[in-house]
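Structural overview
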Protein chains: 2
Amino acid sequence: MTPARTSTGTAPTRGRRPGRSTGDDREVAILATAERLLGQRPFGEISIDDLARGAGISRPTFYFYFPAKDAVLLTLLDRVTEEADAAAGDALVRLAEDPRARWRELIARFHATFGGHRDVVLACAQVRGTNAEVRRLWAEVLERWVRAVEAAIEGERARGAAPDGLPARDLAIALNSMNERVWYATFAGDGPAVAERDVVDVLLDVWLTAIYRTTTPPVSPSA
Amino acid sequence: MTPARTSTGTAPTRGRRPGRSTGDDREVAILATAERLLGQRPFGEISIDDLARGAGISRPTFYFYFPAKDAVLLTLLDRVTEEADAAAGDALVRLAEDPRARWRELIARFHATFGGHRDVVLACAQVRGTNAEVRRLWAEVLERWVRAVEAAIEGERARGAAPDGLPARDLAIALNSMNERVWYATFAGDGPAVAERDVVDVLLDVWLTAIYRTTTPPVSPSA
DNA sequence: ACGCCAGTCAACACCCTGTCGAGTCGAATC
DNA sequence: GATTCGACTCGACAGGGTGTTGACTGGCGT
């Protein structure tokens, strides 16, 4: 796994150099403590001391493993986005054979991944406003997904299944943004939100109408 | 205007009782300082001391006017949402006469209002994660807008202009959520974002296709 | 037997928040 | 014109969180 000490960027000096192994358990203990505590109270109310004590070490020792509290969350986020990438992976291959099913699969898999780590996702959404590292990582990940969707839309237009219209990139951004915000509201449960069991179908409907102008996109004549 | 001392909720005792006027300038000075500083650095990096000194008072005196730093932002947000409400106001009346123009007007007016106060909007989005008051106020406002859009969609379905489909409320939530997130990205300028001059048209396109399945909704036969 | 280094923590310096109590001052009131 | 009252002000404190320093430990290679 990627080392956690990424936040300051300038100095990867701090922390355990590869070769030894004693400290690994402490690192995972911190991570586990963070994920557990995130289920109980918001990130802002968890102190470094809480994390350290939860992992059986003192506060200064925490800094041996992570440069700051946010870096823990960043590592957690990294895991989740990797899992989401893996889950999404091949959802859009052979799109032409059954577009509706493929798009639904994409959305459903993201939903499952995020829903399975909602505490982490929610916490990241919260600190994204104040932490540049989290913001950057999330922007990177989103950019990948936007590009994948953009390419898929262009593919559908090329085979004549989807009409021309908005630039594919803008459409991809808008749809991905919608998903992000709708999931946030659904998982956080504050403000107007779509019920969790409906959210995939609601999002799917908007995606299909925005891309194809119909909820039953045509399959490819061949195949 | 509404007094700012709303955060604790239990005790409106604190602060200047109506009748005198000396303190009003201080209050507006704090607000003005906050909005000015927000244009320079994020809310989290502005201390109460900064606000107080900017308004020409000491830190303890700040607490005479506002119960906490967040309350200042809350007051600022209140202004912006009121302005947005006023701007949006009658955009959806006579929808049937020219649906595309009316929807566009709604979106464009919100865009103009938020864009005119982007520093405040951005700051609120950031603290929403950590501040329950801001979260509640935003949820309330959003709920009003969702209801208005929901009613408009149902109206369009009733007159046969829009096909049935998703529950109108879910659709309204999804579309409003999309706007919120897309605007945030556009104004913040981090991560994948739609260019500011295109954003109204991009959002409009998704709204129209999601509601009508066409970008040129039919006008009412009468009128 | 010795040095090195990952790992550990008590203690410190700092910053920010929120509160308390002692004030100042102008405008009614007597 | 003295007195009272309440709006308004701030110095000083207590508390809690962060990040750093410097000293200490113990195993492992030489």
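All of these numbers come straight from a predicted model, not from anything done at the bench. (Residues numbered from 1 in each chain as written. Chains lettered and ligands numbered in written order. Predicted model: local features only at pLDDT ≥ 70, side-chain atom pairs only at ≥ 80, totals over all residues. Heavy atoms only, no water.)

So, about the overall build of chain A. Check the secondary structure of chain A and you find 9 helices and 0 strands. With 223 residues in all, chain A has 51% of them scored as buried. Carbon and sulfur atoms provide 51% of the accessible area of chain A, an area that totals close to 10100 Å². (Helix = DSSP H or I, 4+ residues; strand = E, 2+ residues; numbered from the N terminus. Buried < 20%, exposed > 50% of the residue type's maximum accessible area, 1.4 Å probe, protein only. Areas by Shrake-Rupley, 256 points an atom, 1.4 Å probe, with all protein chains shown as cover.)

Next up on the list: the environment of Val219 of chain A. Residues and elements named next belong to chain A. Note on placement: Val219 falls in the segment after helix H9 (199-212). Residue Val219 is classed as partly exposed on the basis of its relative accessible area, which comes to 49%. Put simply, Val219 and Asp98 are 121 residues apart on the chain and 5.7 Å apart in space, counted from C-alpha to C-alpha. For Val219, the residues in contact, after removing those within four places along its chain, are Ala96, Glu97, Asp98, Pro99 and Arg159. (Contact = heavy atoms within 4.5 Å.)

So, on to the nonpolar core. Across soluble globular proteins, you tend to see nonpolar side chains buried next to one another. One finds Trp103 and Phe114 of chain A together with Trp103 and Phe114 of chain B to be the most contacted residues of the largest nonpolar core, which totals 148 residues. Apart from residues no more than four positions distant in its own chain, Phe114 of chain B is found in contact with Val80, Ala84, Val121, Trp138, Trp145, Trp183 and Phe187 of chain B. (Core = buried A, V, L, I, M, F, W, Y, C linked by side-chain atoms within 4.5 Å.)

According to UniProt, the feature "DNA-binding region" (unreviewed entry) maps to residues 47-66 of chain A in the numbering used here. Annotation note: span residues 47-66 of chain A, helix share 70%, strand share 0%, distance between end C-alpha atoms 13 Å. (UniProt positions renumbered as here; feature names shortened; annotations may be inferred.)

On to the packing of helix H8 (residues 168-188) of chain B against helix H9 (residues 199-212) of chain B, then. Residue and element names in this part refer to chain B. Where H8 meets H9, the axes come as close as 11 Å, and the angle between the chain directions of the two elements is 165°. Here H8 is positioned roughly antiparallel relative to H9, judged by the angle of their axes. Note that H8 runs across H9; the crossing there is right-handed. Of the residues in H9, those touching H8 at Leu171, Leu175, Asn176, Met178, Asn179, Val182, Trp183 and Thr186 are Val199, Leu203, Val206, Trp207, Ala210 and Ile211. In terms of residue class, the contact of H8 with H9 is built from 11 nonpolar, 3 polar and no charged. (Axes fitted to C-alpha atoms, helices over the stretch in contact; angles between N-to-C directions. Parallel < 35°, antiparallel > 145°, perpendicular 65-115°, else oblique. Left-handed = near helix turned anticlockwise from the far one by under 90°. Nonpolar A, V, L, I, M, F, W, Y, C, P; charged D, E, K, R; others polar.)

With that settled, the discussion passes to H9 of chain A. All names here are of chain A. Taking 1.5 Å of rise per residue, the 14 residues of H9 would be expected to cover 20 Å, and the 20 Å separating its terminal C-alpha atoms lies within 8% of that figure. Counting buried positions along H9 yields 13 of 14 residues, so the element is predominantly enclosed. The positive-phi residue at the C-terminal boundary of H9 is Arg213, with phi of around 65°. (Expected span 1.5 Å × (residues − 1).)

For the rest of this paragraph, the subject is the packing of helix H4 (residues 69-88) of chain A against helix H6 (residues 118-127) of chain A. All names here are of chain A. Two elements in contact, H4 and H6, have axes whose closest approach is 10 Å; the angle formed by their N-to-C orientations is 125°. Considered as vectors, H4 and H6 are oriented oblique to each other. For the pair H4 and H6, the sense of crossing is left-handed. Residues Leu73, Leu76, Leu77 and Val80 of H4 form the contact with H6, whose participating residues are Val120, Val121, Ala123, Cys124 and Val127. When the residues that make up the contact of H4 with H6 are grouped by side-chain class, the tally is 9 nonpolar, no polar and no charged.

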